[in-house]
Amino acid sequence: DISNANLLFFIATVIFIVMYGLAILFYPGSFLQLQTFFDLFSLNAPLIIVTLAMTIVMIGGGIDISVGAVTGLVTMCCAVLLELKMKSVGSAVILALGIGIAFGLLQGYLISYLDIQPFIITLAGMFLANGLLTTIHKDPLNVTAQAFVSLRDFEVVIPWLGSYNRRGIFIPLGIKPGAIIVVALIVLLFILMKWSRFGRNLYAVGGNSQSALMLGINVRKTKFYSYLSGS
């Protein structure tokens, strides 16, 4: 329910603060720098984005064990596409959204409207994604497309913030696009779960689906949208 979700969020926040505080205590030269703080978001952006998607599914009382395999499939498909000539980053983004929506629609429908256990469906989805991944490309692939490399190396530079290195040279603060996207998604998820009708329905369904049904909430539709949003 809502109280348990808030408790888990509070515990996770306290753990993060304690761990970062210990890091500052033992390694003040590194973790007191703003660059290190933003690098934590930049380097872990894919993991945080996947976690946010799983949060939606789990609040609704579901589970999705295919998320890792689907992420790998999306990554490989985008890499193969970007290595083709005359293919842009925009087309790769559209492809990634298409694959995610396809898995969300299929798994969400089977779980919500056919009442098949989420573990079974998402396990099958994991095998399907892994099979497609090995079929498309078996070996590691390094993307060399100029548009992708430029986007990967791009960063927002804030010249009046930064830190001095060991040689006494001032280095401005650089924020990668991944950190900006993560912060934007966290704010969007907070707004969605706090003030939207879908968020309130999702909490109700995750807490007790029978009670939610008696309150007039469309449980099947809410679960379906949770898997679609989480993909």
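Read on for an overview of the structure. Just so you know, the residues in each chain are numbered from 1, in the order the chain's sequence is written. Only residues with pLDDT of at least 70 get local features here, since the model is predicted, and only at 80 or more are side-chain atom pairs given and counted; chain-wide, interface and lining totals rely on the full set of residues. Based on all heavy atoms of the structure, the side-chain values leave hydrogens and waters out of the count.

Take the packing of aromatic side chains next. Each aromatic ring pair is characterised by the separation of its centres together with the angle its planes make. Pairing of aromatic rings covers Phe, Tyr and Trp, the last through its six-membered ring, and needs centres within 6.5 Å; plane angles under 30 degrees mean stacked, over 60 mean edge-to-face, and all others mean tilted. Following the criterion strictly, the structure yields 8 aromatic pairs and no others. Judged by centre distance (5.3 Å) and plane angle (65°), the ring pair of Phe 37 and Phe 41 falls under edge-to-face. One end of the pair is Phe 37 and the other is Phe 41, both in helix α3 (residues 34-43) and 4 residues apart, which spans about a single turn. Here a set of aromatic residues connected by ring pairs shows up, and it is made of Phe 16, Tyr 20, Phe 37, Phe 38 and Phe 41. A helix here means a DSSP run of H or I that spans at least four residues, while a strand means a run of E at least two residues long, and both kinds are numbered starting from the N terminus.

With that settled, consider the side chain of Thr 222. Its place among the elements puts Thr 222 in helix α12 (residues 219-230). Classification of Thr 222 as buried rests on a relative accessible area of 6%. Each polar contact in these results corresponds to two N or O atoms within 3.5 Å; when the atoms are within protein, one needs to be able to donate a hydrogen and the other to accept it, and residues that are neighboring in sequence are counted only if both atoms are side-chain atoms. Polar contacts involving the side chain of Thr 222 include one to the main-chain carbonyl oxygen of Asn 218, which spans 2.8 Å. When near neighbours in sequence (up to four residues on either side) are disregarded, Thr 222 contacts Phe 198, Asn 201, Leu 202, Val 205 and Ile 217. Three labels apply to residues, based on accessible area from a 1.4 Å probe with only protein chains included: buried if under 20% of the type maximum, exposed if over 50%, partly exposed otherwise in between. In this description, contact between two residues means that some pair of their heavy atoms is separated by no more than 4.5 Å.

A separate point is the pattern of salt bridges. Think of it this way: side chains of opposite charge can pair up when their charged atoms draw near. The term salt bridge refers to a pairing of a side-chain nitrogen on Lys or Arg with a carboxyl oxygen on Asp or Glu at a separation within 4 Å. Tallied over the entire structure, the rule returns 2 salt bridges. A salt bridge links Asp 115 to Arg 220; its shortest N-O distance comes to 3.2 Å. Of this pair, Asp 115 sits in the loop between α6 (89-112) and α7 (118-136) while Arg 220 sits in helix α12; the two residues are 105 residues apart in sequence, bridging distant segments of the chain. Where Arg 152 meets Asp 153, a salt bridge forms, and the shortest distance between an N and an O atom there is 3.3 Å.

For the rest of this paragraph, the subject is the state of the cysteines. Disulfides are defined as pairs of cysteine sulfur atoms found within 2.5 Å of each other. Applying the stated rule across the entire model yields 0 disulfides. Not part of a disulfide, Cys 77 finds its nearest cysteine sulfur in Cys 78, a span of 6.9 Å. Residue classification places Cys 77 among the buried positions, given a relative accessible area of 13%. Its relative accessible area of 12% is what places Cys 78 among the buried residues.

With that settled, the discussion passes to the packing of α6 against α7. Helix axes are fitted only over the stretch in contact, all axes being lines through C-alpha atoms; the angle between N-to-C directions runs from 0 to 180 degrees. Contact geometry of α6 with α7 gives a least axis separation of 9 Å together with a crossing angle of 155°. The angle between α6 and α7 falls in the class roughly antiparallel. When the axes of α6 and α7 are compared, the crossing they make is right-handed. Here Phe 103, Gln 107, Leu 110 and Ile 111 of α6 lie close against α7, whose contacting residues are Pro 118, Ile 121, Thr 122, Gly 125, Leu 128 and Ala 129. Working definition: roughly parallel below 35 degrees, roughly antiparallel above 145 degrees, roughly perpendicular at 65 to 115 degrees, and oblique for all remaining angles. With the far helix as reference, a near helix turned anticlockwise by less than a right angle produces a left-handed crossing, and one turned clockwise produces a right-handed crossing.

Turning next to the packing of helix α10 (residues 197-207) against α12. Look at α10 against α12: their axes get within 10 Å of each other, and the N-to-C directions meet at 110°. Accordingly, the angle class assigned to the pair α10 and α12 is roughly perpendicular. For the pair formed by α10 and α12, the contact residues are Phe 198, Asn 201, Leu 202 and Val 205 on the first element and Val 219, Thr 222, Lys 223, Tyr 225, Ser 226 and Ser 229 on the second.

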